[in-house]
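Residue strings, one per chain:
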Amino acid sequence: MKQVPVEEPTALVPLAVPAGGVAAGLPARDDHRLRAGFRRHALGLPVRATTLTWESGAAVAPGTGFVVEATLGGEQVWRTATDRPVAVLPADVAGTARRLAWQVRSADGAWTSETATVEFGLADTAAWQAPWIAAPAHPFARETDDPAPYLRREVELAEVPETARLYVTALGIYRIWVNGTEVTADDLLRPGWTEYGVRVHHQTFAVEAHLRAGSNVIAVALAKGWYAGRLGLLRYPGLYGERPALRLQLEATSATGERTLLLGTSEEWRAGTGAVRATDMLRGEILDLRREPRGWTEPGYDDSGWTSAETVAPDPLPEITPQPHDTVSVLEVRTGAMVREHGRGPVVFDFGQNLVGWTRITSRLLPRTEVVVRHGEMLTPEDLVYRDNLRGAFQEDRFAGDGEDRQTLETRFTVHGFRYAEVWGLPSDNPYGNYELPADVEVEAVALTALPEKVGRFESGNELLDSFASAVEWTVRDNFIEVPTDCPQRDERLGWLGDAGVISPTARYFLDVAAFLGKFVQDIADTQGPDGEIWSYVPPVPPGTLRPGAPGWADGFVRMAHVLADTYGDLTTVDRIFPALERFCAHVDRENPDGLRVNAVGADFADWLSLPEKDGEPLHPGYAWTGARSTAPRPVVGTAHTYRSLRQLADLARWTGRDTEARRLDERAEEVRAAYRKAFVGDGLEIADATQTVYAQAIGFGIFEDDDATVAAERLAAMVRSRGYVTTGIHGVQHVMPALMRHGHADLAYDVLLREEMPGWLYMAARGATTVWEKWDGLRPDATLSTAQMNSFNHCALGAVGASLFEEIAGIGVGGALRAGRIDVRPVYSERLGWAGAVHDSALGRVGSRWVHHGDRVEQEVVVPAGATAAFTAPDDWQLDVLDVRNSRLAADTSSVQREIRRSTGETPAAALTQLTPGTHHLVLSRRRQ
């Protein structure tokens, strides 16, 4: 593998902090973040109880409360009062195609928000009059010759309706044009990936501006996508069905929900083909631009040579529901830098970032020459794209141009995970000698996202740490496309719940994942097994349905539901899926009545991708081909997950008004904790064959508390010192930093966090990683790979330490903040780091924390959002000397605040707690004298 030069580490000194302050870390806003269903553009939401959220205006004092009103056609149809910036619009106020306006004001009338709108889609399949249609099947189809169907239908309109909606869904992926304008230009890969045998989403488009009196045409291109293309570990083609299908209705609508059908899918639609000769999510795309019918998306095109569409009846027939989450769109376009021109061969480009999307080439072309583009994450020693780790995913696109003039080549029905592109077939300025790239050739990478709203940023005095923080954010973006995949490049690309469960508490600090997770937990509930079992990845394509999910993977269902409720206040989703959550925990209990998680554990990956605690430990049984280890004792790790799931489900029960169930779950959790301690824990809190993960997880999950947690942290610290680095795998990486930092071992925590040798987080950054690696040793210091069989360089799990950048280093904790109306700020300082800060748009508003270390003195800045308070706790061995009393007040009686923190977090706060009101506060702390 290509070795990235690494400079020798230098001693860190405090650096100048950006003059803009911590609040400058995110763009300024000109609105109050009014969201319906956690969506920025609330068009076509599911017809059900809908969560409304907003950010308080500056005039709102803590504890004031809010009044929320919704109107229909100017008449009030709903009103409620709430003490937090979240409310639930009842299901009976929603309705098919109904458009509501809503607004928030403070209870004292001092502040009023702007007005937002929310529009609902079609409630269910019963609202669909038009049938499913498909193009006739290709009689001799093969993977490299199976053209994407083109479908079109013209309709005459006497006049253009004031409001027109296009409701569309497909089995596969579609692009759609109205009178030549593509309405899916910013809505890619629709309708997305769900468990197609249960549910498929539809999208709603406002199209009145694209219609005209007289002749109009709707034109659609269909592709196999996740529905009929290759999918999963076995790379099955046609897993859900053999050919893509379309269902569509063009309607005139009113604000109150009256609908008039203008056009629907039927056998009268015409079917043909065009430039897309073959397309697949894993293989790539083949386009021949000479085959594209000119003008087929415009009215008046002669489609008499096309065939009639066929009505089809998918089996099983999925329920059609409105899309609940943000769509996939273009994040940015990056220009490639040429790495090397190979003699009469390819040209290799580096886009500077491992991303998900496709390449766009603008160039003149050679006559009758096919341009081939291969994508990958790494380069070989010869500066070619390394593809061995892709396994069965080709990631290769082929283009035939429609002439020799300059033209643009790009795909739209397939996506790749890559940083580098290897391009064959471009013209040369020197056709008789070595290849010379013409100056007018442009090669770009189109990066996609399904998480359009950035909500957090971390910065510090260590550039490598900042680079790693950026890598975590990019990794989340790249993998949160429809489902939270383990990786976006190789032939897997599956929604592994273990990875998703551990990264979600980190992802929430960088990006708004509320709507995305709300969609995905419904996917999980849709695919639950008959006994309540949850699979290791969802949708569970073969062989994922052969046995129950592993501990920690299946439990990811509960983890993500807890993040939704605890972070965003999304109790509507939790209430809807609670029966499925309850059935899962009941399944685990039935299989393991004594509380020890040893039965129905599936593949039991334990602490997957951990490193040995001692030399010579074997690879994971049955998975030696992956080069992966899982060194923690499985019953210990599995039982800890059971305890955590019961505790979190008890929280969800309490928060949704199921108090009796909450008490039962709490009692069962205590029984499991007692069983854990009896079976695994000695009198001195020693655990046989323990790994770093075992102790870190037991502290993080709350199995060990108070003095026991301190002792366990001592054991963890001794193991880290003995090995010299962190050995945790997927299920320990999120717990090791807080376990050390919050229990007296902050210096050691910073040692391993800032370690630039392998294994270490900053080792990845030092080797040029722009996304997080799957393995600690993905690329070794000698530039060799651990194994090509399982070695992604864009994998979320080891990035789960990212939460500690916000929660421990900057000290911002948002868990439970919405319920309490207060944000806890508890930083952990380090002279080695020099300075650090983070800003985050929480459910209560924008919060920031920044500190600068000056030896025995620290300057601290805290930004508290309107309508909220912050509880600042000085780190151990530090005391508060100066507080800007113009904006803040020392809590004269902190007992009530401490009781609230203890109730909501289970932790006893330090005595030196300071309550801060909205505004920007400047504090000075000094080191305590011993």
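Structure's up top.
Predicted model only: the values in this text are computed from it and were never measured.

## Here we look at the packing of helix α6 (residues 571-591) against helix α7 (residues 634-655)
Step number 1: The contact between α6 and α7 brings their axes to 10 Å, and the two run at 145°. At the point where α6 passes α7, the crossing takes the left-handed sense. Along the contact surface, α6 presents Leu571, Val574, Phe578, Leu581, Glu582, Phe584, Cys585 and Val588, while α7 presents Thr642, Ser645, Leu646, Leu649, Leu652, Ala653 and Trp655.
Step number 2: Counted by class, the contact of α6 with α7 contains 12 nonpolar, two polar and one charged residues.

## So, the pattern of salt bridges
Proximity of charged atoms lets side chains of opposite charge pair with each other.
Step number 1: Using the criterion set out here, one finds 71 salt bridges in the structure.
Step number 2: Of the charged contacts in the structure, one is a salt bridge between Arg412 and Glu182, with a shortest N-O distance of 3.9 Å. With a gap of 230 residues between them, Arg412 in the loop between β31 (407-410) and β32 (416-424) and Glu182 in strand β13 (residues 181-182) connect regions that are remote in the sequence. We note that Arg412, like Glu182, is buried.
Step number 3: Notably, a salt bridge pairs Arg374 with Glu422, separated by 3.6 Å at the nearest N-O pair. Taken together, the residues span a long stretch of sequence, with Arg374 in strand β27 (residues 370-376) and Glu422 in strand β32 at a distance of 48 residues.
Step number 4: Linked through salt bridges whose partners overlap, the residues forming this network are Arg235, Arg391, Asp486, Arg490, Asp491, Glu492 and Glu774.

## As for the environment of Val736
Step number 1: Tracing the chain through its elements places Val736 in helix α11 (residues 736-741).
Step number 2: Overall, the relative accessible area of 0% leaves Val736 in the buried class.
Step number 3: Counting along the chain gives 68 residues from Val736 to Ser804, while the straight-line C-alpha distance between them is 9.5 Å.
Step number 4: In contact with Val736, not counting residues within four places along its chain, are Ala696, Leu716, Val726, Thr728 and Trp761.

## Focus: the packing of helix α9 (residues 692-700) against helix α10 (residues 706-723)
Step number 1: Interhelical geometry of α9 versus α10 gives an angle of 150° and a closest axis separation of 9 Å. It follows from the interaxial angle that α9 and α10 lie roughly antiparallel. The crossing of α9 and α10 is left-handed. In this structure, α9 contributes Gln692, Tyr695, Ala696 and Ile699 to the contact, and α10 contributes Ala709, Ala712, Ala713, Arg715, Leu716, Met719, Val720 and Arg723.
Step number 2: Looking at side-chain class alone, the contact of α9 with α10 contains nine nonpolar, one polar and two charged residues.

## Here's the deal with the packing of aromatic side chains
Step number 1: Taken as a whole, this structure holds 27 aromatic pairs when the rule is applied.
Step number 2: Pairing Tyr509 with Phe806 gives two aromatic rings, centres 4.9 Å apart and planes at 15°, and the pair type is stacked. Of this pair, Tyr509 sits in helix α3 (residues 497-510) while Phe806 sits in helix α14 (residues 802-810), and the two are 297 residues apart along the sequence.
Step number 3: Residue Tyr509 is classed as buried on the basis of its relative accessible area, which comes to 0%.
Step number 4: Counting every residue linked through ring pairs, the aromatic cluster contains Trp496, Tyr537, Trp553, Phe605, Trp608 and Tyr623.

## Details of the pairing of strand β33 (residues 442-449)
Walk down a regular strand and you will see the side chains alternate between the two sheet faces.
Step number 1: Along β33, seven of the eight residues are buried, which leaves the element largely enclosed by surrounding structure.
Step number 2: Across six bridges, strand β24 (residues 329-335) lies against β33 in antiparallel orientation. Across the sheet, residue Arg334 finds its bridge partner in β33, namely Ala445.
Step number 3: As paired strands, strand β26 (residues 347-363) and β33 are joined by six bridges and run antiparallel to one another. Following the sheet pairing, Ile361 is matched in β33 by Val443.

## Describing the sheet that holds strand β6 (residues 86-89)
Step number 1: Taken in spatial order, the three strands line up as β1-β3-β6 in an open sheet, and their pairing is antiparallel. For this open sheet the edge positions go to β1 (35-36) and β6, each flanked by a neighbour on one side alone.
Step number 2: Judged from the four bridges that link them, strand β3 (residues 50-53) and β6 form a sheet pairing that is antiparallel. Residue Thr50 lies in a different strand from β6, and its bridge partner there is Leu89.

## Comments concerning unusual backbone geometry
A negative phi angle is the norm for most residues apart from glycine, just as the trans form is the norm for most peptide bonds.
Step number 1: That bond from Val538 to Pro539 is cis: its omega, -10°, falls within 30 degrees of zero.
Step number 2: Structurally, Pro539 is set in the loop between α4 (514-526) and α5 (556-568).
Step number 3: The omega torsion across Met758 and Pro759 is -5°, close enough to zero to call that bond cis.
Step number 4: Locating Pro759 in the fold gives a position in the loop between α12 (746-753) and α13 (761-766).

Reading the values: rules and limits
- Residues numbered from 1 in each chain as written.
- Predicted model: local features only at pLDDT ≥ 70, side-chain atom pairs only at ≥ 80, totals over all residues.
- Heavy atoms only, no water.
- Axes fitted to C-alpha atoms, helices over the stretch in contact; angles between N-to-C directions.
- Helix = DSSP H or I, 4+ residues; strand = E, 2+ residues; numbered from the N terminus.
- Left-handed = near helix turned anticlockwise from the far one by under 90°.
- Contact = heavy atoms within 4.5 Å.
- Nonpolar A, V, L, I, M, F, W, Y, C, P; charged D, E, K, R; others polar.
- Salt bridge = Lys/Arg side-chain N within 4 Å of Asp/Glu carboxyl O.
- Buried < 20%, exposed > 50% of the residue type's maximum accessible area, 1.4 Å probe, protein only.
- Parallel < 35°, antiparallel > 145°, perpendicular 65-115°, else oblique.
- Phe/Tyr/Trp six-rings, centres within 6.5 Å; stacked < 30°, edge-to-face > 60°.
- Pairing = 2+ DSSP bridges.

Read these as layout, nothing more, since geometry by itself doesn't imply function.
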